[in-house]
Amino acid sequence: MKTALVKALAVHVGLLLIFVVGANFEFWQSDRQPQMATPEVEIVQATAVDQAQVDAQAQRIREQREAAQRAEEQRVAEIERRAQEAERRRQQEEAQAQRAREQAQRERAEAEAEAQRLREQAEAEERRAEEAAERRAQEEAAAEERRRAEEAERQRQEEERQRREAEEQQRAERERQLQEELAEERARRESARQQRVLSEVERYQALIRETIQRNLLVDSSMRGQSCVLVISLARSGFVTNVQIDEGDRAVCEAGRAAALRAGTLPVSEDAEVYQEMSEIRLRIEPEFN
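Residues numbered from 1 in each chain as written. Predicted model: local features only at pLDDT ≥ 70, side-chain atom pairs only at ≥ 80, totals over all residues. Heavy atoms only, no water.

(A) Inspection of the overall build of the chain at higher detail. Of the regular secondary structure elements, the chain holds 4 helices and 3 strands. Ordering the α and β elements of the chain from the N terminus gives α-α-β-β-α-α-β. Counting every position in the chain, which comprises 289 residues, the buried fraction comes to 15%. Contacts in the chain between residues far apart in sequence, at least 24 positions, make up 74% of those at least 6 positions apart. As presented, the chain carries roughly 22100 Å² of accessible surface, and 50% of it is formed by carbon and sulfur atoms. (Helix = DSSP H or I, 4+ residues; strand = E, 2+ residues; numbered from the N terminus. Buried < 20%, exposed > 50% of the residue type's maximum accessible area, 1.4 Å probe, protein only. Contact = heavy atoms within 4.5 Å. Areas by Shrake-Rupley, 256 points an atom, 1.4 Å probe, with all protein chains shown as cover.)

(B) Structural detail: the state of the cysteines. For the structure shown, the criterion picks out 1 disulfide. The disulfide partner of Cys227 is Cys252, and the gap between their sulfur atoms is 2.0 Å. Across the S-S bond of Cys227 and Cys252 the torsion is about 105 degrees, and the bridge reads as right-handed. One end of the pair, Cys227, is in strand E1 (residues 227–233); the other, Cys252, is in helix H3 (residues 249–262), and 25 residues separate them in sequence. The burial state of Cys227 is the same as that of Cys252; both residues are buried. (Disulfide = S-S within 2.5 Å.)

(C) Structural context of the nonpolar core. Core analysis: the largest hydrophobic core is formed by 25 residues, its most contacted members being Ile208, Ile212, Ile231, Leu233, Leu265 and Met277. Discounting chain neighbours no more than four positions away, the residues touching Ile212 are Ile231, Gly255, Ala258, Ala259, Leu265, Leu282 and Ile284. (Core = buried A, V, L, I, M, F, W, Y, C linked by side-chain atoms within 4.5 Å.)

(D) Structural view of H3. Helix length check: H3, at 14 residues, gives a terminal C-alpha distance of 20 Å against a target of 20 Å (1.5 Å per residue), a fit within 8%. What H3 keeps buried is the set Val251, Cys252, Ala254, Gly255, Ala258 and Ala259. Take H3 and look down its axis: the buried residues cluster within an arc of 170 degrees, on one side only. With a side-chain oxygen lying 3.2 Å from the backbone nitrogen of Ala250, the N-terminal cap of H3 falls on Asp248. One or two residues past the end of H3 sits Gly263, with phi positive at roughly 80 degrees. (Expected span 1.5 Å × (residues − 1). Arc of directions from axis to C-beta. Polar contact = N/O pair within 3.5 Å; in protein donor to acceptor, adjacent residues only side chain to side chain.)

(E) Here's a closer look at the pairing of E1. Counting buried positions along E1 gives 7 out of 7 residues, so the element sits mostly inside the fold. Neither face of E1 is left uncovered, since the one carrying Cys227, Leu229, Ile231 and Leu233 and the one carrying Val228, Val230 and Ser232 both have all their residues buried. A loop of 5 residues connects E1 with strand E2 (residues 239–247), the two strands running antiparallel in sequence, and Gly237 in this loop sits at a positive phi of about 95 degrees. With 6 bridges connecting them, E1 and strand E3 (residues 279–284) associate as antiparallel partners. The residue bridging Ile231 from the neighbouring strand is Ile280, located in E3. (Pairing = 2+ DSSP bridges.)

(F) Spatial organisation of the environment of Ala259. Along the chain, Ala259 turns up in helix H3. A residue is classified by how much of its surface remains accessible, and Ala259, at 0% relative accessible area, is buried. Sequence-distant contacts of Ala259, that is, excluding residues within four places in its chain, are made with Ile212, Ile231, Val239 and Val242.

(G) View of the sheet that holds E1. If you walk across this open sheet you meet the 3 strands as E2-E1-E3, and the pairing is antiparallel. Where the open sheet ends on each side, the last strands, each with one partner, are E2 and E3. Ignoring strand direction, the axes of neighbouring strands in this sheet form an average angle of 25 degrees. (Axes fitted to C-alpha atoms, helices over the stretch in contact; angles between N-to-C directions.)

(H) Main features of the pattern of salt bridges. Enumeration over the complete set of coordinates arrives at 25 salt bridges. In this structure, Glu180 and Arg176 form a salt bridge, with 2.9 Å as the shortest nitrogen-oxygen distance. On the criterion of helical spacing, the pair formed by Glu180 and Arg176 is a turn pair, its members being 4 residues apart in helix H2 (residues 37–215). We classify Glu180 as partly exposed; its relative accessible area is 39%. Residue Arg176 is classed as partly exposed on the basis of its relative accessible area, which comes to 35%. The salt bridge involving Glu246 is made with Arg283; its shortest N-O contact spans 3.4 Å. You can see Glu246 sitting in strand E2 and its partner Arg283 sitting in strand E3, a full 37 residues away along the chain. (Salt bridge = Lys/Arg side-chain N within 4 Å of Asp/Glu carboxyl O.)

(I) Spatial organisation of a negative patch on the surface. A contiguous patch of negative charge, built from Glu120, Glu123, Glu126, Glu130, Glu131 and Glu134, is present on the exposed surface. Locating Glu123 in the fold gives a position in helix H2. Taking relative accessible area as the criterion, Glu123 reaches 43% and is therefore assigned partly exposed. (Patch = residues over 30% accessible without salt bridge, like charges linked within 9 Å, V, L, I, M, F, W, Y side chains within 5 Å. Lys, Arg positive; Asp, Glu negative; His and termini not counted. Charge placed at Lys NZ, Arg CZ, Asp CG, Glu CD.)

This is the structure:
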């Protein structure tokens, strides 16, 4: 395209030079020859017309050249744009390939680490199984040894028992009656003590229930409901703990709060009675007037 433009420009420039030279020659001839009015006007008009054509042609040539130059610049710009786009895509593809390689490396590393972990885990499990088997064998051996020792001890004790039995048979008969009398006396005393203790425990449980009932906040939803509390008491009667055993939730919470609100509950000064009531199970039933 550039060669065609140059050739066209050269042709037009040649034509322009021809017209210019012709015009100068005619002007030079006019200085040496007589001038006639009519021919001079025609020559001037022809020269003016030809010059306008040359200028118009030159203008077209310039416009064609500028258009060609703009087209060439656009083509070059488009080539550069495509080259930049291709470079950008190449860089993107290279980055993606690099990321894929790095991802593959990470996956290989993770797979190798997981395989190593599984191997170590399998080895550890195998060691634990061997150690467990060894411990079981040792425990079985120790158990067998204990069994034999216990059997020998039982035999020895049986022989000792038979020997003592023969020696004590006579003495046992003599002591039997005395022991029976002592046992009967102890039973009577124990029965009396138990009866006294139980009576005291029941009395103090009634006092404790009454104290809790006084501190119990009730509402109509508790009617006909009950709760079993387990109350722990210090020696002074101070409530150290209240646990809910079973029953209606609202009654249980109200009972627990009442016991804690009371702070100190009635307890017996008798150590035996306190021993029986240091932790008591108490059923709470709201009372409605």
